[in-house]
Amino acid sequence: MLPFFPHPYPNELLYSTIARYHFRSKNPSYRDTAQELLGSPTASVIALLPSNTVFLHSQLHPNTLLTPDKLIFEHTLFPLYKPFIEKDRADSAIRYMKRSSVGDGRPLTGLLRYSLSAGRSFKYCPQCFASDTKTHGEAYWHRDHQHFGVLTCYKHNSLLVDTGFPLAPTQQERILYRLDKEYPRQTAPPNFTRKDMRHLEFIAKSVHWLMHNPAPDNAMEILHRRYEQLLVERKFATQSGLVAHRPISKAFDSYYGERILVAMSSSLPMATDKNWLVRLFRRREKVTDPIRHILAIRFLREDIPGIFSETKEQNLPIPRPPQGEDHLRQSPKDENALSCKFCPFTIPKIFRNKAGKVIGPDSAHLRMSEHVEKNHPEEYEKRRRFWEGSPEPL
Ligand SMILES: [Zn+2]
Ligand SMILES: [Zn+2]
């Protein structure tokens, strides 16, 4: 049993706790810490998805509240990947993160290979740094800040500082980096516009949400069913599932703009076989980086709590657009109307009130939000928590 092990802070990467242990234990080398915590001097502490958590757990005080599952779900990036991979792959990744010696590591190395985070570096938020130092007496690496494509803090909406410390140090140079002081920015961020910042805010909040709200086991099925429906609604696909790749790529390009797509390593080549967006919708890849799913979901005007909430309506076949009727009233999916995701209720985006005054889309959005609050309180609460940032897990 270890003489001590620091308790992980809320939202702290397990890697970060291990780095704090290494520092406090005064172990002369990385090999000693790897032996004590992972059971082998050559085991590597993989920053985003570490392994050997069962061994680590076996070395903790018998009364510890930490379990291997708690370490994986609350202190690694695994929950961010889980909704976007098949259950088999998720199960073998969990097995690997529990004990790397069991089975083989392919599922996990697969995740890391497909991850855009490979080869990137540690980031932190200066405001979180200040508040953690005040609350806990020290700062630490937040897992919500580390994934590639997360450029702002979900809580403070400020640009994160990229320290340049590699998430995966080389074999020769095994170093456990701590956030022991404020490090300077290694690269100047692009000049993001206000519109860009809204995209970045959505990405950071989506990552945070996914990390703190366990996705259902059939998340992939729900997700692809919703993709199919939304593509038809947005007129990017036919009912038979044919995706119009040029129109969708152009629309995606102009929706995000070059700056965001370059920052997300997600520009779109027009050739279908290389176009990740088309491949994602056609389920051509085994794993697509979570950031790309988040970009696709926002582009289809959905959000994360919305896309994973199954409603009765979503299990029905997609309704055909009605012919020759008053389209504002009859077609719930019409571009001129807002439709409730959870029932057939719709509101025209622009309408005249009783006094004959034209009322714009802002007021329609407000009325829709009131409708959801009143008729679907659970869903309303989810959205509210998404935009305000959900509380830390207990
Ligand atoms: Zn922050
Ligand atoms: Zn409704």
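Calculation criteria
Residues numbered from 1 in each chain as written. Chains lettered and ligands numbered in written order. Predicted model: local features only at pLDDT ≥ 70, side-chain atom pairs only at ≥ 80, totals over all residues. Helix = DSSP H or I, 4+ residues; strand = E, 2+ residues; numbered from the N terminus. Buried ≥ 20, exposed ≤ 12 C-beta atoms within 10 Å, placed from the backbone. Contact = placed C-beta atoms within 7 Å. Axes fitted to C-alpha atoms, helices over the stretch in contact; angles between N-to-C directions. Left-handed = near helix turned anticlockwise from the far one by under 90°. Nonpolar A, V, L, I, M, F, W, Y, C, P; charged D, E, K, R; others polar. pLDDT = per-residue confidence, 0-100. Expected span 1.5 Å × (residues − 1). Arc of directions from axis to C-beta.

Moving on, we get to the overall build of the protein. Within the protein one finds 17 helices and six strands. Burial statistics for the protein: of 394 residues in total, 32% are counted as buried. A separation of at least 24 residues holds for 63% of the contacts in the protein among residues at least 6 apart in sequence.

A few words now on the packing of helix α9 (residues 194–212) against helix α13 (residues 290–299). Viewed as axis vectors pointing N to C, α9 and α13 meet at an angle of 120°, and their least axial separation amounts to 10 Å. Our pair here, α9 against α13, has a crossing hand that is right-handed. Of the residues in α13, those touching α9 at Phe202, Ile203, Ser206 and Leu210 are Pro290, Ile291, Ile294 and Arg298. Looking at the contact of α9 with α13 residue by residue, the class counts come to six nonpolar, one polar and one charged.

Moving on: the confidence of the model for the protein. For the protein, the mean per-residue pLDDT works out to 84, and 88% of the residues sit at or above 70. Taken element by element, the protein is modelled with least confidence in helix α15 (residues 327–330), mean pLDDT 35, and with most confidence in helix α8 (residues 126–136), mean pLDDT 97. Across residues 312–333, confidence stays below pLDDT 50; counting only partners more than four residues off in sequence or on other chains, it has 21 contacts. This model gives residues 390–394 a pLDDT under 50, and the stretch forms seven contacts once residues within four places in sequence are excluded.

Attention now moves to helix α6 (residues 87–98). Along its twelve residues, α6 runs 16 Å from first to last C-alpha, staying within 8% of the 16 Å computed at 1.5 Å per residue. Those residues of α6 that fall on the buried side of the exposure criterion are Arg89, Ala90, Ala93, Tyr96 and Met97. Projected down its long axis, α6 carries its buried residues within an arc of 125°, all on one side.

Once that is clear, we can look at unusual backbone geometry. Of note in the backbone geometry, Asn11 takes a positive phi value of approximately 65° without being a glycine. Position of Asn11 among the secondary structure elements: in the segment before α1 (14–25). In this structure Asn11 comes out as buried when scored by C-beta crowding, with 23 C-beta atoms within 10 Å. A positive phi angle is found at Asn52, which is not glycine, with a value near 60°. Tracing the backbone shows Asn52 in the loop between α2 (30–38) and α3 (53–58).

What follows is about the environment of Thr64. If you trace the backbone, Thr64 turns up in the loop between α3 and α4 (68–75). By C-beta crowding, Thr64 is classed as partly exposed, having 13 other C-beta atoms within 10 Å. Each C-alpha atom, one on Thr64 and one on Phe5, is 9.9 Å from the other, the two residues being 59 residues apart in sequence.

What follows covers α1. For α1, spanning twelve residues, the distance from its first C-alpha to its last is 16 Å, which sits close to the expected 16 Å at 1.5 Å a residue. Listing the buried residues of α1 in full gives Leu14, Tyr15, Ser16, Thr17, Ile18, Ala19, Arg20 and His22. Residues of α1 that are buried sit in contact with α2 and α4. Downstream of α1 by a residue or two, Lys26 has a phi angle that is positive, lying close to 60°.

On the secondary structure map, Ile85 appears in the loop between α5 (78–81) and α6. For the pair Ile85 and Ala219, spaced 134 residues apart in the sequence, the C-alpha separation amounts to 8.4 Å. Each residue touching Ile85, except ones within four places of it in the same chain, is listed here: Ala90 and Val287.

Relative to the assigned elements, Thr187 resides in the loop between β2 (161–166) and α9. On the basis of neighbour counts, which here come to 9 C-beta atoms within 10 Å, the residue Thr187 falls in the exposed class.

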